[in-house]
Amino acid sequence: MGGAASSIVSTELDLAQPDPRHLEAVVALRCAHLAETQPHDAPPTVEHVRRALAGVAAQRNFEVRVAVVWCDGAATGLVEMVSSRKGDNAHLLQVEAYVMPFERRRGVGTRLLEVAVGRARAEERTLLIGTTTERVAAGEPFARRLGARPGLVSLVYEAALAEVDTALLEAWLRAGSERAPDVELAWLGSPYPEDQLASLATVMLAMNDIPLGDLQVGDRTVTPATLRDQDGMQRSRGDERWTLVARRQGGMIVGATETLWNPANPAVLVQLGTVVLREARGRGLGRWLKAAMLERVLRERPEARLVRTDNASQNAPMQAINDALGFRVALTETVWQVEAEVAAEALGIS
Ligand SMILES: CC(C)(COP(=O)(O)OP(=O)(O)OC[C@H]1O[C@@H](n2cnc3c(N)ncnc32)[C@H](O)[C@@H]1OP(=O)(O)O)[C@@H](O)C(=O)NCCC(=O)NCCS
């Protein structure tokens, strides 16, 4: 355990035009975080982080605040706070806190959470949620000390692309078109075509069917504006997104799957959500979409070595598809929740 720091101060970042010293601090903290949690990923550069923050500042759907905590003058902790501006989950503040490994147990994490509680009060948010990973054991006792309860176990899965069973992909592709002859698959470009946004938003809304365990989180709103913002943030980060949709004759989108890939971290392909409208489920569309996406990835993304995806531990249908494709659990994460006032009391804030 380190000694208590003699001076701990926090500074909030101007996301659109960060002070170069603040930006460097965020890069150093994010690199250290990644080295602990995903050590094989390429660390972000200053330019990458600058563009990502500018993308966040430009979007309108979420209020995002980032603060650095300085301990005796050195950048030691980072807290990122996100709340929805869409009218959904008006009670919620999402908080991610990180402290440099060699600076732990000196009260910096406590200071980060004080900043978060202050933010929650300013925005009248009553519940904080945050994620810990099994790769940093300190997360759990820290969360418990704040009075937080586990709300959801989330599993990060990875599959080595070289080991994906291509015969299985072909079988799923064939079965997809046979079982759903009234449906065709189509790639949507980036940015999303404006005339597809309403239909795509309706499908993405069905992501709310993903079980969220005991988390006191309500349905998330998805509108064309949400999708435009998301697209803008991905472009700012330099992410290349592929979107594949399943469309009924007549054009209505009934299912979708998306991946992100960034040339700055070329070995990793992120598989985002796969979703099928309730009335179109049980006909192999989920498998078809995933197989068609992976088939293209194998052909056109030779730099990618692994696919990473996450999945709520109670999401049996998606887990079955991922298991068959060779995805294995790489990491277990826990999402915690605590009422802002319970955390305030634990922190001794009046
Ligand atoms: C969790 C984390 C933010 C804590 O930062 P920190 O600066 O070490 O936290 P503090 O010094 O303010 O600790 C506050 C209290 O939490 C508890 N705690 C923190 N780390 C602990 C550990 N490794 N073992 C047991 N208790 C611990 C203790 O009660 C501690 O008080 P004490 O030192 O007086 O006993 C840090 O370990 C970290 O960055 N982990 C990775 C990211 C993460 O898991 N974030 C979780 C929040 S979203």
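Preceding this section is the structure that the text describes.
Keep in mind it's a predicted model, so treat the numbers as computed, not measured. (Residues numbered from 1 in each chain as written. Predicted model: local features only at pLDDT ≥ 70, side-chain atom pairs only at ≥ 80, totals over all residues. Heavy atoms only, no water.)

## Considerations on the nonpolar core
For step 1, the next point in the chain: Counting residues in each nonpolar core, the largest one holds 47 residues, and the members touching the most others are Leu200, Leu227 and Leu285.
For step 2, the next point in the chain: Examining the composition of this core, we find that eight residues originate from one element, helix α8 (residues 285–300), more than from any other.
For step 3, the next point in the chain: Sequence-distant contacts of Leu200, defined by excluding residues within four places in its chain, comprise Leu188, Tyr192, Leu227, Val245, Ile253 and Ala256.
For step 4, the next point in the chain: Among the nonpolar cores identified, the runner-up in size contains 25 residues, and Val69, Val115, Ala143 and Leu146 belong to it. (Core = buried A, V, L, I, M, F, W, Y, C linked by side-chain atoms within 4.5 Å. Buried < 20%, exposed > 50% of the residue type's maximum accessible area, 1.4 Å probe, protein only. Helix = DSSP H or I, 4+ residues; strand = E, 2+ residues; numbered from the N terminus. Contact = heavy atoms within 4.5 Å.)

## Brief notes about the pairing of strand β5 (residues 127–133)
For step 1, the next point in the chain: Counting buried positions along β5 gives six out of seven residues, so the element sits mostly inside the fold.
For step 2, the next point in the chain: As paired elements, strand β4 (residues 92–99) and β5 share three bridges and run parallel to each other. Bridge pairing in β5 links Leu93 to Leu128.
For step 3, the next point in the chain: Where the polypeptide runs from β4 across helix α3 (residues 108–123) and back to β5, its parallel neighbour, the crossover connection is right-handed.
For step 4, the next point in the chain: Direction of pairing for β5 relative to strand β12 (residues 328–339): antiparallel, over a ladder of seven bridges. Along β12, the bridge assignment pairs Thr132 with Thr334. (Pairing = 2+ DSSP bridges. Right-handed = clockwise from strand over helix to strand, strands pointing away.)

## Notes on the site of the ligand
For step 1, the next point in the chain: Among the 20 residues in the neighbourhood of the ligand, the closest are listed as Val99, Arg105, Gly107, Gly109 and Thr110.
For step 2, the next point in the chain: Taking Ala97, its main chain carries an N or O atom lying 2.9 Å from a nitrogen atom of the ligand.
For step 3, the next point in the chain: For the ligand, an oxygen atom lies 2.5 Å from a polar atom in the side chain of Thr110.
For step 4, the next point in the chain: In isolation the ligand exposes 930 Å². Once the protein is present, 79% of that is buried.
For step 5, the next point in the chain: Those elements that place two or more of their residues in the shell around the ligand are β4, α3, β5 and α4 (139–145).
For step 6, the next point in the chain: At five residues, β4 tops the list of elements feeding residues into the shell around the ligand.
For step 7, the next point in the chain: Looking at side-chain class alone, the shell around the ligand contains nine nonpolar, six polar and five charged residues. (Near = heavy atom within 4 Å. Polar contact = N/O pair within 3.5 Å; in protein donor to acceptor, adjacent residues only side chain to side chain. Areas by Shrake-Rupley, 256 points an atom, 1.4 Å probe, with all protein chains shown as cover. Nonpolar A, V, L, I, M, F, W, Y, C, P; charged D, E, K, R; others polar.)

## What about the side chain of Gln337?
For step 1, the next point in the chain: Mapped onto the secondary structure, Gln337 falls in strand β12.
For step 2, the next point in the chain: Among the residues examined, Gln337 registers a relative accessible area of 2% and is labelled buried.
For step 3, the next point in the chain: Only 3.0 Å separates the side chain of Gln337 from the backbone oxygen of Asp214, close enough to count as a polar contact.
For step 4, the next point in the chain: In this structure Gln337 touches Leu127, Leu128, Ile129, Ala148, Arg149, Gly151, Asp214, Leu215 and Gln216, once residues within four positions along its chain are discounted.

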